[in-house]
Amino acid sequence: MLICCCFFPAIEIPCAAYVSQSGTPRVEWKFEKGSSIVLFYYDSKFTDPYQDRATYTPTGIRFTSVTRKDTGKYICEVLWTGSGGSGQLRKSEVDLIVQVPPSKPIAKVPTSVTIGNKAVLTCMETDGSPPPTFQWYRDNVLMPPNPKISEKFRNSSYTIDTKTGVLTIEPVTSFDTGDYFCEAQNNIGTAQKSEAVHLEATEVNVGGIVAAVVVLLIVLALVAFGIWFAYSRGFFSSKY
Ligand SMILES: *[C@@H]1O[C@H](CO)[C@@H](O)[C@H](O)[C@H]1NC(C)=O
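Note that the structure is predicted; figures quoted are calculated from it, not measured.

## Focus: the overall build of the protein
1) Next: Scanning the protein for helices and strands turns up 2 helices and 19 strands.
2) Next: Against the compact-globule benchmark of 18 Å for 240 residues, the protein has a radius of gyration of 32 Å, which places it well outside the compact range.
3) Next: In terms of overall dimensions, the protein has C-alpha extents of about 110 × 70 × 30 Å along its principal axes.
4) Next: Counting across all 240 residues of the protein, residues that qualify as buried make up 32%.
5) Next: Counting only contacts in the protein whose residues sit at least 6 apart along the sequence, the fraction spanning at least 24 positions is 62%.
6) Next: Distance between charge centres in the protein, computed from 22 positive and 22 negative side chains, equals 4 Å.

Okay, here's the thing in structure tokens:
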């Protein structure tokens, strides 16, 4: 188990399986994360995404920088071959946990939503390791997971996915108008808040629809008048 490293993102991952003997060692490194295993060092070479940021030494590999994607298990396999080599495969593992506090998240909030529609608000943060969980605030008040048991939010209908940071308000009512911001937190360093964005729940725009219909009728009347005018001046009649 090796934990690293917000402020000094360089790290060396030791290979305990490497015990010097005579002969020629063949060393391979694998990275295991969830169900995927990637062979990233073999034939004395790193594979592509690693060669720019990792260096090899017999006793371990050194990363110049790591991110949360590098959290996982590192397996080193050493096989001594040739004269004097034991011919025996030795293996060692290191669990790397990269710890990075969240950076300031970005809240995507629709600025205007028609009452009765659905509003989807998202919160984005990509640095924190382990990945942060998310909370939402409206007008500086923390939004509880269940609005119905809250005095302040019981007129709202929403769900919050704390893992993805998605806040879904459905249906939007006039009570949902307010300033929204989200917060990302992973227990490393301090929680980070996004900028607040104002969401306005708007009535169906009846005035706008009426105005559009009136404009359309005026345009149609002008076109009809133009055609009548052209006819009356004989523009369409045959000149022969
Ligand atoms: C919720 O709705 C009721 C009825 O319209 C209203 O009296 C009350 O003030 C609302 N509560 C909040 C917190 O807005």
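## Let's talk about the domain arrangement of the protein
1) Next: Along its sequence, the protein is organised into domain 1 (2-99), domain 2 (106-202) and domain 3 (207-240).
2) Next: The C-alpha centroid of domain 3 is placed 50 Å from the C-alpha centroid of domain 2.

## Re the side chain of Glu-28
1) Next: The topology assignment puts Glu-28 in strand β3 (residues 24-33).
2) Next: Look past the residues within four positions of Glu-28 in its chain and what remains in contact with it is Leu-39, Tyr-41, Tyr-42, Ile-75, Cys-76 and Glu-77.

## Notes on the nonpolar core
1) Next: By size, the foremost hydrophobic cluster in this structure holds 25 residues, and its most contacted members are Ile-13, Trp-29, Phe-40, Phe-63, Tyr-74 and Val-78.
2) Next: Among the secondary structure elements, those contributing two or more residues to this core are β2 (11-14), β3, β4 (36-42), β7 (60-63), β8 (72-81) and β9 (89-98).
3) Next: In this structure, Ala-107, Met-143, Tyr-180 and Ala-184 belong to the second largest nonpolar core, which totals 19 residues.

## Some details on the sheet that holds β7
1) Next: One open sheet holds the 3 strands; their spatial order is β2-β7-β6, and the pairing between them is antiparallel. Looking at strand neighbours, the two that pair on one side only are β2 and β6 (54-57), the edges of this open sheet. Averaged over neighbouring strand pairs, the angle between their axes works out to 20° when direction is ignored.
2) Next: In terms of strand pairing, β2 meets β7 through 4 bridges, oriented antiparallel. Within β7, the residue paired with Pro-14 across the bridge is Gly-60.

## Some details on the sheet that holds β4
1) Next: Taking strand neighbours across the sheet as the criterion, the 6 strands line up as β1-β9-β8-β3-β4-β5 in an open arrangement whose pairing is mixed. Here the strands that pair on one side only, and so sit at the sheet edges, are β1 (2-4) and β5 (45-46).
2) Next: Two elements, β3 and β8, share 9 bridges in a ladder whose sense is antiparallel. Across the sheet, residue Pro-25 finds its bridge partner in β8, namely Trp-80.

Cut-offs used in this document
Residues numbered from 1 in each chain as written. Predicted model: local features only at pLDDT ≥ 70, side-chain atom pairs only at ≥ 80, totals over all residues. Heavy atoms only, no water. Helix = DSSP H or I, 4+ residues; strand = E, 2+ residues; numbered from the N terminus. Rg over C-alpha atoms; globule rule 2.2 N^0.38 Å. Buried < 20%, exposed > 50% of the residue type's maximum accessible area, 1.4 Å probe, protein only. Contact = heavy atoms within 4.5 Å. Lys, Arg positive; Asp, Glu negative; His and termini not counted. Charge placed at Lys NZ, Arg CZ, Asp CG, Glu CD. Domains from an automatic or database assignment. Core = buried A, V, L, I, M, F, W, Y, C linked by side-chain atoms within 4.5 Å. Pairing = 2+ DSSP bridges. Axes fitted to C-alpha atoms, helices over the stretch in contact; angles between N-to-C directions.

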